[in-house]
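Overview (structure and organization)
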Amino acid sequence: FISQHIVQNYKFEELEKLTMIHRGIDLELFNRQRIRIDKVHEYISNWYLPADKKIILLPGRITSWKRHNLLIKALCLIDRNDYLVIMLGDSKSHPKYVASLNKKISDNNLQEKIQIHDNVRDIENIYHLSDFILSTSSRPEPFGRVISEAAAMGKIVIATNHGGAAEQIKDKKTGFLITPDSAQELAEKIELVLDMKKKQKQEMEENAITRVEKYFSLEKMQKATIKLYKELLS
């Protein structure tokens, strides 16, 4: 996505001089084998998360282009009570937007289905307690860090099909890509994952981990960067 942006916007024609290195995720930190279970239980207790519902996480800045409104529209199309959505992000920087979200939640009787929480420093523990993750930005992002962090934790991600997300997710293999701003598609994919058989879900989760390890690890990013420096110096 960024390579294309450089070529198109800066009329860059010397493609042999263009090297693309993906951002890397710390697989020591975002590792389900290294989770603080005590911290996970602390969040479950403090946020009163129900044991009989699947947790859907939408992490990221609480601002309009992250499309929390789209998620609310999608949830209005889903007639079931077996899930709880957590919107996680900086809720203090945009108080008017947060107030508008709370009004929409109330107007659509979704108070029992959505919680809004402020940023946490140990998001890996929130990934762990979640069943799957959403990334619904209306603008294409160069690299959605959330997508690869969650995938490294063995979580399925539903994301909009543009920008870096389209490179990070292998559709229907490691997660799902949807048309930007389509509440209908988002609702369909949420229900699809909610209804997934355990074996199918586990297979997709393992695929997600493998893909991050292969293409988006911090170690791979570091090695590629050092290799490029050495080539330039020589």
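Attention here is on the structure that accompanies the text.

Conventions used here
Residues numbered from 1 in each chain as written. Predicted model: local features only at pLDDT ≥ 70, side-chain atom pairs only at ≥ 80, totals over all residues. Heavy atoms only, no water. Helix = DSSP H or I, 4+ residues; strand = E, 2+ residues; numbered from the N terminus. Rg over C-alpha atoms; globule rule 2.2 N^0.38 Å. Buried < 20%, exposed > 50% of the residue type's maximum accessible area, 1.4 Å probe, protein only. Contact = heavy atoms within 4.5 Å. Areas by Shrake-Rupley, 256 points an atom, 1.4 Å probe, with all protein chains shown as cover. Phe/Tyr/Trp six-rings, centres within 6.5 Å; stacked < 30°, edge-to-face > 60°. Lys NZ or Arg CZ within 6 Å of the ring centre and 35° of its normal. Pairing = 2+ DSSP bridges. Axes fitted to C-alpha atoms, helices over the stretch in contact; angles between N-to-C directions. Salt bridge = Lys/Arg side-chain N within 4 Å of Asp/Glu carboxyl O.

1. Concerning the overall build of the protein
- Each helix and strand in the protein was counted, giving 10 helices and six strands.
- For the protein, whose C-alpha radius of gyration is 19 Å, the value lies close to the compact-globule estimate of 17 Å for 234 residues.
- Structurally, the protein occupies a C-alpha span of about 60 × 40 × 35 Å along its principal axes.
- For the protein, the proportion of its 234 residues judged to be buried stands at 45%.
- For the protein, the proportion of contacts with a sequence separation of at least 24, taken over those separated by at least 6, is 75%.
- Accessible surface for the protein amounts to roughly 13200 Å². Of this, 49% is attributable to carbon and sulfur atoms.

2. A look at the packing of aromatic side chains
- Per the counting criterion, the structure on display carries four aromatic pairs.
- Look at Tyr215 and Phe216: their rings are 6.1 Å apart centre to centre, the planes differ by 50°, and that puts the pair in the tilted class.
- Residue classification places Phe216 among the buried positions, given a relative accessible area of 1%.
- Ring-pair connections join several aromatic residues into one group, and the members of that group are Phe143, Tyr215 and Phe216.
- Directly above the aromatic system of Trp65 lies the positively charged group of Arg139, at a separation of 4.2 Å from the ring centroid.

3. Description of the environment of Leu49
- Relative to the helices and strands, Leu49 is located in the loop between helix 2 (37-46) and strand 1 (54-59).
- Its relative accessible area of 10% is what places Leu49 among the buried residues.
- Between the C-alpha atoms of Leu49 and Met221, which are 172 residues apart in sequence, the distance is 36 Å.

4. As for unusual backbone geometry
- In this structure, Arg67 is a non-glycine residue whose phi angle is positive, near 65°.
- Among the secondary structure elements, Arg67 is positioned in the loop between strand 1 and helix 3 (68-75).
- In this structure Arg67 comes out as buried when scored by relative accessible area, which is 16%.
- Backbone geometry at Asn109 places phi at a positive 55°, although glycine is not the residue there.

5. Some details on the sheet that holds strand 6 (residues 175-178)
- Spatial ordering of the open sheet is given by 3-2-1-4-5-6, a layout of six strands whose pairing is parallel. In this open sheet, the two edge strands, each paired with only one partner strand, are strand 3 (114-117) and strand 6. Direction aside, the axes of adjacent strands within the sheet are offset by 20° on average.
- Both strand 1 and strand 2 (residues 83-88) contribute to a ladder of six bridges, which runs parallel. The residue bridging Ile56 from the neighbouring strand is Val85, located in strand 2.
- Docked against the sheet, helix 3 engages strand 1, strand 2, strand 3 and strand 4 (132-135), running at close to 170° with respect to strand 2.

6. Things to note about the pattern of salt bridges
- Taken as a whole and assessed by the stated rule, the structure comprises 16 salt bridges.
- Measuring nitrogen to oxygen at the nearest pair gives 3.1 Å for the salt bridge that ties Lys223 to Glu219. Of the two residues, Lys223 and Glu219 are both situated in helix 10 (residues 218-233); the distance of four residues between them amounts to about one turn of the helix.
- Put simply, Arg80, Asp82, Glu191 and Asp195 are held in one network by salt bridges that share partners.

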